[in-house]
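# A closer look at the structure
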Amino acid sequence: MKPIVAVLYRSIAVVLCLLVVRAAAADDLADEADLQFRLGAQRYEQRDFQGALEHFLASNRLVPNRNVVFNIARAYEQLGRAPDAFRYYQQALDGEAEAATRRRIEVALERITPQVAVLRVESEPPGATVFLDRRELGPRGTTPRLLGLPPGRHRVFVEKSGYEATEPRDVELKVGQQARVSFRLSAVLGNLVVEGEPAGAVVRLDDADAAPSCEMPCSLAAAPGRHTLYLSKAGYQPSETVVDVPVR
């Protein structure tokens, strides 16, 4: 037993060392992000909005911060890049709880919205990743999502883990107008084949008190992931079995 205890103590010591290193790295990132923000603020005061934007973006890459996002939006607005300004103002608004700050961002959005084409992307269920025009350009957030874009034709597609791929949608956008595109996602389902004794046992999926799913032997559809099958029949002891449905 003693060697095992010694090994456990060594494992704990390694973890503690790793935590210290990570904390130091995090401090370094915070210092660098603060420096980039200060440089951006200086450039903004000097009306070098392109330089300010570069520093604000660098700061936010190092340590994401809603206040920095707001300053990125301001820099884009000063540069006349209304769609980019709209996108970052919207990001700054997401999750902002302080009423005064929310109102300041909303005023900025009211000011910038007439200059952009607005697209609202929705999905059922929500939480799908949004891509615009080409996937390699990177995601544009998750549904529901409000985007400010240049006018013209755009291709929109979404994807969500555990759901079938969707066909892209083309939408024509006009400045000062809002369009909406909605996707209904279909879950990727696996097929569970339940066999054994005694025949006729009632099978329930994931909830022992739910309505019966089928009677053994039988098959039923299930989403990818871990599930519990509950089996019961009069005169027999109830049982349960855990199964994993792989993502195809």
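Look up: the structure comes first, before these words.
An account of the accompanying structure is given in this report. As a convention, each chain's residues are numbered from 1 in the sequence order in which they are written. Owing to the predicted nature of the model, reporting of local features is limited to residues with pLDDT of at least 70; listing and counting of side-chain atom pairs is limited to 80 or more, with chain, interface and lining totals taken over all residues. Hydrogens and water molecules were not included; the side-chain quantities draw on all heavy atoms of the structure.

## Digging into the overall build of the chain
Secondary structure assignment for the chain yields five helices and 13 strands. Burial classes: relative accessible area under 20% of the type maximum marks a residue as buried, over 50% as exposed, and values in between as partly exposed (1.4 Å probe, protein chains only). When burial is assessed residue by residue, the chain has 35% of its 248 residues classed as buried. Where helices and strands are cited, they refer to DSSP runs of H or I of at least four residues and of E of at least two residues respectively, numbered from the N terminus.

## Details of the packing of helix α2 (residues 49–62) against helix α3 (residues 66–78)
Two packed helices can be described by the angle between their axes and the distance between those axes. Viewed as axis vectors pointing N to C, α2 and α3 meet at an angle of 155°, and their least axial separation amounts to 9 Å. Here α3 runs roughly antiparallel to α2, going by the angle between their axes. The two elements α2 and α3 cross, and the hand of that crossing is left-handed. Each of Phe 49, Leu 53, Phe 56, Leu 57, Ser 59 and Asn 60 in α2 lies in contact with α3, whose residues at this interface are Val 68, Val 69, Asn 71, Ile 72, Ala 75, Tyr 76 and Gln 78. Only Asp, Glu, Lys and Arg are considered charged in this grouping, and only Ala, Val, Leu, Ile, Met, Phe, Trp, Tyr, Cys and Pro are considered nonpolar; every other residue, Gly among them, is considered polar. A per-class count over the contact of α2 with α3 returns nine nonpolar, four polar and no charged. In this description, a line fitted to the C-alpha atoms serves as the axis of each element, helices being fitted only across the stretch in contact, and the angle between N-to-C directions of two axes falls anywhere from 0 to 180 degrees. Oblique is the label for any angle not under 35 degrees, not over 145, and not in the 65 to 115 range, which are roughly parallel, roughly antiparallel and roughly perpendicular in turn. By the definition used in this description, the sense in which the near helix is turned from the far one sets the handedness, with an anticlockwise turn below a right angle giving left-handed and a clockwise turn giving right-handed. Two residues form a contact once any of their heavy atoms are found within 4.5 Å.

## Considerations on the sheet that holds strand β7 (residues 178–184)
In any sheet, the strands associate via hydrogen bonds between backbone groups, in a parallel or an antiparallel arrangement. For two strands to be treated as a pair, DSSP must find no fewer than two bridges joining them. Ordered by their spatial adjacency, three strands build an open sheet running β4-β1-β7, and the pairing between neighbours is mixed. A strand with exactly one partner marks an edge of an open sheet, and here the two such strands are β4 (145–149) and β7. On average, adjacent strands in this sheet sit at an angle of 20° to one another, irrespective of strand direction. Relative to β4, strand β1 (residues 117–124) runs antiparallel, the two being bridged by five bridges. Bridge assignment links Val 118 to a residue of β4, and that residue is Gly 148. Strands β1 and β4 of the sheet are contacted by helix α4 (residues 82–93), whose axis makes an angle of about 160° with β4.

## Focus on the packing of α4 against helix α5 (residues 99–112)
The contact between α4 and α5 brings their axes to 10 Å, and the two run at 160°. Classified by the angle their axes make, α4 and α5 are roughly antiparallel. Crossing of α4 over α5 shows left-handed handedness. Mapping the contact onto sequence places Ala 82, Ala 85, Phe 86, Tyr 89, Gln 90, Ala 92 and Leu 93 in α4 and Arg 102, Ile 105, Glu 106, Ala 108, Leu 109, Arg 111 and Ile 112 in α5. Residue composition of the contact of α4 with α5, by class: ten nonpolar, one polar and three charged.

## Some points on the pairing of strand β11 (residues 218–222)
Only one face of β11 is buried: it carries Cys 218, Leu 220 and Ala 222, and the other face, with Ser 219 and Ala 221, is open. Relative to β11, strand β8 (residues 190–194) runs antiparallel, the two being bridged by five bridges. Across the sheet, residue Gly 190 finds its bridge partner in β11, namely Ala 222.

## Side note on the sheet that holds strand β9 (residues 202–205)
With antiparallel pairing, four strands are arranged side by side in an open sheet as β10-β9-β12-β13. The sheet terminates laterally at β10 (214–215) and β13 (239–245), the two strands that pair on one side only. Of the strand pairs in this sheet, strand β12 (residues 225–232) and β13 are connected by seven bridges, and their pairing is antiparallel. Bridge assignment links Leu 229 to a residue of β13, and that residue is Thr 241.

## Considerations on the state of the cysteines
Note that a disulfide, as used here, is simply two cysteine sulfur atoms within 2.5 Å. Across all of its chains, the model carries one disulfide by this definition. One disulfide in the model links Cys 214 with Cys 218; its S-S distance is 2.0 Å.

## Observations regarding the environment of Pro 212
Locating Pro 212 in the fold gives a position in the loop between β9 and β10. In this structure Pro 212 comes out as partly exposed when scored by relative accessible area, which is 48%. As a C-alpha pair, Pro 212 and Leu 231 span 19 residues in sequence and 9.4 Å in three-dimensional space.

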